[in-house]
Amino acid sequence: VGRDMRASSPALADAVIRGLTMQGADVVNIGLVSTPTFYFGVAHGGYDGGMQVSASHNPAQYNGLKIVRDAAKPLGTGTGMEELKELATAAVFPEVAVPGTQTERLDVLEQEVAAALQHAGTAAIQPMTIVADAANAMGAQYLDALFAQMPQMTLHRMYWELDGTFPNHEADPFKEENLVDVKKMVLEKKADLGIATDGDGDRIFFIDNEGQLI
């Protein structure tokens, strides 16, 4: 179980963990993470499934769950969501003899970055100036950890403090108005590349050196 930085996420994550353990499931709490880090954690850890408390790119008042099976395979329409809906609406939750356990594992992000660098390498990456707009959301966490391993990069951070109220703009790079600031900063800094991430960090948009969306 992981969660994003929304104001309602800690309470919802606690409720998810409580419900799962009451039904006999053992829970590994990986804490505050992006959705890609959550996916990596489920797959890399060899777990049976997972739940991420997040509303992705939606406005601050929303929240929800992203649910996966083993190897981070999605649980959705046609892959189990219908059965889950039936179980939830029936509201029949049998008592179990032995409740599940909860443990914490807070090194998943570190493991994810190490795996990414091992997969891609950094030797061929030339020095660049990059502007990144995290929209006060989870992309900041991952980008910090990743770029810490690439000292040849100059990273200009925008809207980096985690804030589930999204005080600067919505964390939805699909909307052109949410890319205005990062495009402007790319031109001001004469940057080689701009990066914009969404609320839970699972979508990354790129801006070229002329301030145009790639």
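All values reported here derive from a predicted model rather than from experimental measurement.

Draft legend 1. Quick look at the pairing of strand S7 (residues 129-133). Along S7, 4 of the 5 residues are buried, which leaves the element largely enclosed by surrounding structure. Across 5 bridges, the pairing between S7 and strand S8 (residues 154-158) is parallel. Bridge pairing in S8 places Val-131 opposite His-156. Each parallel crossover has a hand, and the one from S7 via helix H5 (residues 139-147) to S8 is right-handed. Alignment of S7 against strand S9 (residues 193-197), held across 4 bridges, turns out to be parallel. From the neighbouring strand, Asp-133 faces S9, where its bridge partner is Ala-196.

Draft legend 2. View of the environment of Val-131. Positionally, Val-131 belongs in strand S7. Filtering out sequence-adjacent residues up to four positions away, Val-131 remains in contact with His-156, Met-158, Val-182, Met-185, Val-186, Lys-189, Ala-191, Leu-193, Gly-194 and Ile-195.

Draft legend 3. Local environment of the packing of aromatic side chains. Counted according to the given criterion, the structure contains 2 aromatic pairs. On the basis of an interplanar angle of 45° and a centroid distance of 5.6 Å, the ring pair of Phe-38 and Tyr-39 is categorised as tilted. Looking at Phe-38, the relative accessible area reads 1%, which means it is buried. Between Phe-174 and Phe-205, the ring centres sit 5.1 Å apart and the planes meet at 85°, which makes this aromatic pair edge-to-face. One end of the pair, Phe-174, is in the loop between S8 and helix H6 (180-188); the other, Phe-205, is in strand S10 (residues 204-207), and 31 residues separate them in sequence.

Draft legend 4. A look at the pattern of salt bridges. In this structure the tally under the stated criterion is 9 salt bridges. Between Asp-200 and Lys-66 there is a salt bridge, with its nearest N and O atoms 2.8 Å apart. Remark: Lys-66 occurs in strand S5 (residues 65-69) and Asp-200 occurs in the loop between S9 and S10; sequence separation between them is 134 residues. For the pair Asp-200 and Lys-66, a shared accessibility class is recorded, and that class is buried. Asp-70 is the partner of Lys-73 in a salt bridge, and the nearest nitrogen-oxygen pair spans 2.9 Å. Taking relative accessible area as the criterion, Lys-73 reaches 40% and is therefore assigned partly exposed. One network of salt bridges, with partners in common, ties together Lys-66, Asp-200 and Asp-202.

Draft legend 5. Spatial organisation of the pairing of S9. Burial within S9 is extensive, with 5 of its 5 residues counted as buried. Because side chains alternate across S9, one face comprises the buried residues Leu-193, Ile-195 and Thr-197, and the other comprises Gly-194 and Ala-196, equally buried. Both S9 and S10 contribute to a ladder of 4 bridges, which runs antiparallel. Among the inter-strand pairings, Ala-196 is bridged to a residue of S10, identified as Phe-205.

Draft legend 6. Structural detail: the side chain of Lys-66. What makes Lys-66 buried here is its relative accessible area of 18%. Here the side chain of Lys-66 touches Asp-200 through a polar contact of 2.8 Å, side chain to side chain. Among the polar contacts listed, one links the side chain of Lys-66 to the side chain of Asp-202, at a separation of 2.8 Å. Residues in contact with Lys-66, not counting those within four places in the same chain, are Thr-35, Phe-38, Tyr-39, Gly-50, Met-51, Gln-52, Ser-56, Asp-200 and Asp-202.

What counts, and at which threshold
- Residues numbered from 1 in each chain as written.
- Predicted model: local features only at pLDDT ≥ 70, side-chain atom pairs only at ≥ 80, totals over all residues.
- Heavy atoms only, no water.
- Buried < 20%, exposed > 50% of the residue type's maximum accessible area, 1.4 Å probe, protein only.
- Helix = DSSP H or I, 4+ residues; strand = E, 2+ residues; numbered from the N terminus.
- Pairing = 2+ DSSP bridges.
- Right-handed = clockwise from strand over helix to strand, strands pointing away.
- Contact = heavy atoms within 4.5 Å.
- Phe/Tyr/Trp six-rings, centres within 6.5 Å; stacked < 30°, edge-to-face > 60°.
- Salt bridge = Lys/Arg side-chain N within 4 Å of Asp/Glu carboxyl O.
- Polar contact = N/O pair within 3.5 Å; in protein donor to acceptor, adjacent residues only side chain to side chain.

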